[in-house]
Amino acid sequence: MTASDPNPLLAPLSTLRGVGPKLLARLEELGLSQIEDLLYHFPLRYQDRTQVTPIGSLREGADAVVQGSVRVASIVPGRRPTLMAKVDDGTGLLTLRFFHFRRAQAQQIKSADSITLFGQARPSGGGIEMVHPEYRLDTTDTLLEEALTPIYPTVEGLGQGLWRKLTEQALNVLGQAAAQDLLESVVESDFNLAEAIRYLHRPPPGAPVDSMRDWQHPAQLRLALEELVAHHLSLQALRAEEKACPALAIKGDGSLIAPFLKALPFQPTDAQERVIGEILADMREPSPMLRLVQGDVGSGKTLVAAMACINAIESGHQIALMAPTELLAEQHLQTFGQWLTPLGIDVAWLSGKVKGRARDAVLQSIAEGSASLVIGTHALFQEGVVFASLALVIVDEQHRFGVHQRLALTEKSPGQTLPHQLVLTATPIPRTLSMVAYADLDCSVIDELPPGRTPVTTTLLDAQRRSDVIQRVGAACADGRQAYWVCTLIEESDNVDARAAEATFALLAEQLPGLSIGLIHGRLSAADKETVMADFKSGALQLLVATTVIEVGVDVPNASLMIIENPERLGLAQLHQLRGRIGRGAVASHCLMLYQAPLSRQGRERLEVMRQSTDGFYIAEQDLRLRGPGELLGTRQTGLTSFRVAQLPAHEQLLEQVVDVANQLLKRHPDRCATLVDRWTGERQAFARV
Ligand code: ADP
Ligand code: MG
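Residues numbered from 1 in each chain as written. Chains lettered and ligands numbered in written order. Predicted model: local features only at pLDDT ≥ 70, side-chain atom pairs only at ≥ 80, totals over all residues. Heavy atoms only, no water.

K.L.:
I would appreciate a short explanation of the sheet that holds strand 22 (residues 590-595) in the present structure.
P.N.:
The strands making up a sheet associate through backbone hydrogen bonding, with each pair oriented either parallel or antiparallel. With parallel pairing, the six strands of this open sheet are ordered in space as 17-22-21-18-20-19. The sheet is open, and its two edges are formed by strand 17 (457-462) and strand 19 (517-520), each paired on a single side. Averaged over all adjacent pairs, the angle separating strand axes in this sheet is 20°, with direction ignored. With four bridges joining them, strand 18 (residues 482-486) and strand 20 (residues 543-546) adopt parallel strand pairing. Bridge pairing in strand 20 links Trp-485 to Val-545. Packed onto the sheet, helix 19 (residues 601-612) meets strand 17 and strand 22 and runs at close to 150° relative to strand 17. (Pairing = 2+ DSSP bridges. Helix = DSSP H or I, 4+ residues; strand = E, 2+ residues; numbered from the N terminus. Axes fitted to C-alpha atoms, helices over the stretch in contact; angles between N-to-C directions. Contact = heavy atoms within 4.5 Å.)

Here's what the structure looks like:
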């Protein structure tokens, strides 16, 4: 290929057979526009149709081809008639179920001598079954394939056959073109880029099924490494860009910190001291701090944030503190108000619900600089909010900034400086994962809880025992304890969620007439929420029925009992957060998780983790092991949830190598870095996981 030849891999998809304007538009929507994009549209997984599996050795959850003879086939009547059949291959019996079928189908299956099936095996009442398997009767066309079958990520209306045809053509183009191997001479691998791409799209006959399925094949590892390096480089570039911006170098004079510490009813822990030291050192630099503070639930991150605030205020600058929920923001308003108002510091409040004249007044105090600390929700970063001298932005509880929000911030700071940024999170990220997830941030860890805490004990109970639990809660509250009753999300809707909490509230009020019970959910007005929380905090309410709005940050140390309904619906990180609302005082605390039976095996395993441990790092690692990084980091954390080849934790062992390879590339081939980042991290739409 000469320099003037256009690279055929960059040709538009319209040059492929079978791609008309309509399909072209859909592919475009999915972020696919060039032939090369199809090559990086990798299979999500593989089906193994290469061999027949004896029924006796079917693995739960695995796809498999089975051959046998039909023992029974009949239509089971009922509200939803089912076609049921049993297949025998001498090693065991497999049940088939069809919910959509034609009457004739039952007869055909019954009179067949042999049947070949492909489907997913799952346990059912002591035996094993397949629901809606593909099947062939009495034929030598056996559903068997020579090689593993790739299954592509897709969206409604675009079938696997289509993806196979498209990628087939793209692979042909790859055969004639030169794909630039950006890791050449940097990474040792048996596979160069083109070979690895081909292997993943079309595993050859005899490709090792197990290592492919576990994402451990050298071709997969080669591409996963490249992808992780690309993500690391893109975060590093972002960081370098921000670090290159000027920031206000801040060194407080200590005039406020001394009286603050004197008035504080406790001593900072050693861990808090260390982290505060790291933050103050960052803020003294004329380039922006980009720091993440990780600390388990209850480790005292708020104090650390407050001391950073005071440092900025001592130098005459402003701080914006953003929380993900209104409730948490309000609670910060209270805590910071209590700590800072006696020092003569003005704390302002801004949420989306502050409107009209009140809003104008707040905006004015922010613009004039008389409000030193502004606490609120996302509303803080909307247009029209102008700071006199914003020097520090604190984001509580895992909301990370997108690039756009960061850019918006420069416009709010004096003279195009970038404010110092402090992100607080209670979701501990295992170290290896944080090298990819947070490569743009420096990380501090508060690895110690304040003294005098007793760990929460956790019990798992079948929801059928609800009425026992209600009695138990009644007795505990009569005994002077305070309790949360948490109704978890039933649907992704505030309304439904609130109604469930209302129903539970009514039931508990009826069954425990002697108790004073409160109700809090996302649909209450800010003022109502505040009143309820204040009443619970003061002890006027003994029992608080809540939705997961209380998940983060709420701090009522006297509450020592928590009931969580349907815990199986929540992620482990979220359960850990919720449970972190208790165990904050000196009294031993107890958490009851009322699950809906039957639990899946994974569901039980996950709740067992909660029962056995209160260590956020351990829980996060188990969550990563059981469900992958998407759940752990939340769906908002784009980038990580849209890896194409890399799998975590399966590829954890690569992470150590990632930093090294990235540094080598930067040093030896800086010209390749931008192309690499572009190739792997371009805008992508979410595909359904099939
Ligand atoms: P989180 O890290 O979950 O945000 P908080 O900042 O809400 O934790 O702190 C939890 C509780 O611990 C609060 O009631 C806070 O006042 C208290 N606390 C924080 N630091 C200390 C300390 N060093 N000693 C005793 N109590 C502390
Ligand atoms: Mg907190």
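K.L.:
Explanation requested: the pattern of salt bridges in the structure shown.
P.N.:
If the charged atoms of two oppositely charged side chains come close together, the side chains can form a pair. According to the stated counting rule, one finds 19 salt bridges in the structure shown. Salt-bridge contacts for Asp-555 lead to Arg-584; the nearest nitrogen and oxygen are separated by 2.8 Å. A residue pair is termed long-range when its members are at least 10 positions apart, and Asp-555 in the loop between strand 20 and strand 21 (559-565) and Arg-584 in the loop between helix 18 (572-579) and strand 22 qualify at 29 residues. Judged by relative accessible area, Arg-584 falls into the buried class, the value being 17%. Among the ionic pairs, Arg-611 bridges to Glu-608, the shortest N-O distance being 3.0 Å. In this pair, Arg-611 and Glu-608 both sit in helix 19, three residues apart, roughly one turn of the helix. (Salt bridge = Lys/Arg side-chain N within 4 Å of Asp/Glu carboxyl O. Buried < 20%, exposed > 50% of the residue type's maximum accessible area, 1.4 Å probe, protein only.)

K.L.:
I keep staring at the environment of His-132 and nothing clicks. Help me out?
P.N.:
Position of His-132 among the secondary structure elements: in the loop between strand 7 (127-131) and strand 8 (134-137). Expressed as a C-alpha distance, the spacing of His-132 and Phe-99, which sit 33 residues apart in the sequence, is 7.6 Å.

K.L.:
Would you take a moment to explain unusual backbone geometry for this structure?
P.N.:
Glycine aside, residues mostly have negative phi angles, and peptide bonds mostly take the trans form. Following Ala-597, the chain continues into Pro-598 via a peptide bond in cis, with omega recorded as -5°. The residue Pro-598 is located in the loop between strand 22 and helix 19 in this model. One non-glycine residue, Ser-185, adopts positive backbone phi at about 65°. On the secondary structure map, Ser-185 appears in the loop between helix 4 (160-176) and helix 5 (193-201). Take Ser-185: its relative accessible area is 52%, and that puts it in the exposed class. One non-glycine residue with positive phi stands out, namely Asn-566, at about 50°.

K.L.:
How should the sheet that holds strand 4 (residues 93-98) be read in this particular structure?
P.N.:
Ordered by their spatial adjacency, seven strands build an open sheet running 6-7-4-3-2-5-8, and the pairing between neighbours is mixed. Every interior strand has two partners, whereas the edge strands, strand 6 (122-124) and strand 8, have only one. Averaged over all pairs of adjacent strands, the angle between their axes in this sheet comes to 40°, without regard to strand direction. By the bridge criterion, six bridges tie strand 3 (residues 82-88) to strand 4 in an arrangement that is antiparallel. Bridge assignment links Asp-88 to a residue of strand 4, and that residue is Leu-93. Running at roughly 115° to strand 2 (residues 63-76), helix 3 (residues 103-111) makes contact with strand 2, strand 3, strand 4 and strand 8 of the sheet.

K.L.:
Explanation requested: the packing of aromatic side chains in the structure shown.
P.N.:
What characterises a pair of aromatic rings is the spacing of the ring centres plus the angle enclosed by the ring planes. Enumeration over the complete set of coordinates arrives at eight aromatic pairs. Grouped by ring-pair contacts, the aromatic residues Tyr-40, Phe-42 and Trp-680 constitute a single cluster. Of note, Arg-49 hangs over the ring of Phe-118, and the distance from its end group to the ring centre comes to 4.0 Å. Over the aromatic face of Phe-99 sits the side chain of Arg-80, whose NZ or CZ is 4.6 Å from the ring centroid. (Phe/Tyr/Trp six-rings, centres within 6.5 Å; stacked < 30°, edge-to-face > 60°. Lys NZ or Arg CZ within 6 Å of the ring centre and 35° of its normal.)

K.L.:
Teacher, can you tell me more about the nonpolar core here?
P.N.:
General note: in soluble globular proteins, nonpolar side chains tend to be found buried as a group. Core analysis: the largest hydrophobic core is formed by 65 residues, its most contacted members being Leu-27, Trp-163, Ile-197, Leu-223 and Val-229. Per-element tally for this core: the top contributor is helix 7 (residues 218-243), with eight residues. (Core = buried A, V, L, I, M, F, W, Y, C linked by side-chain atoms within 4.5 Å.)

K.L.:
Would you take a moment to explain the side chain of Thr-167 for this structure?
P.N.:
Structurally, the position occupied by Thr-167 is in helix 4. By relative accessible area, Thr-167 is classed as buried at 1%. Of note is the side chain of Thr-167, whose polar atom sits 3.0 Å from the side chain of Arg-202. In this view, Thr-167 contacts Leu-38, Tyr-152, His-201 and Arg-202; residues no more than four positions away in its chain are not counted. (Polar contact = N/O pair within 3.5 Å; in protein donor to acceptor, adjacent residues only side chain to side chain.)

K.L.:
Before we go on, may I ask you to explain the site of ligand 1 in this structure?
P.N.:
Around ligand 1 there are 16 residues in total, and Gly-298, Lys-301, Thr-302, Arg-453 and Asp-555 lie nearest to it. Between Lys-301 and ligand 1, the recorded distance is 2.8 Å, taken from a side-chain N or O atom to an oxygen atom. Arg-453 is positioned such that a nitrogen or oxygen atom in its side chain is 2.7 Å from an oxygen atom of ligand 1. Within the complex, the protein chains bury 85% of what would otherwise be the 560 Å² of accessible surface of ligand 1. Split into classes, the residues belonging to the shell around ligand 1 amount to four nonpolar, seven polar and five charged. (Near = heavy atom within 4 Å. Areas by Shrake-Rupley, 256 points an atom, 1.4 Å probe, with all protein chains shown as cover. Nonpolar A, V, L, I, M, F, W, Y, C, P; charged D, E, K, R; others polar.)

K.L.:
Any chance you could explain the state of the cysteines here in plain terms?
P.N.:
Note: disulfide means a covalent bond formed between the sulfur atoms of two cysteine side chains. All told, the structure shown has zero disulfides when counted by the stated rule. Distance from the sulfur of Cys-309, which forms no disulfide, to the nearest cysteine sulfur (Cys-443) is 19 Å. Judged by its relative accessible area of 0%, Cys-309 is buried. You can see Cys-487 has no disulfide; the closest cysteine sulfur is in Cys-591, sitting 14 Å from it. Residue classification places Cys-487 among the buried residues on the basis of a relative accessible area of 4%. (Disulfide = S-S within 2.5 Å.)

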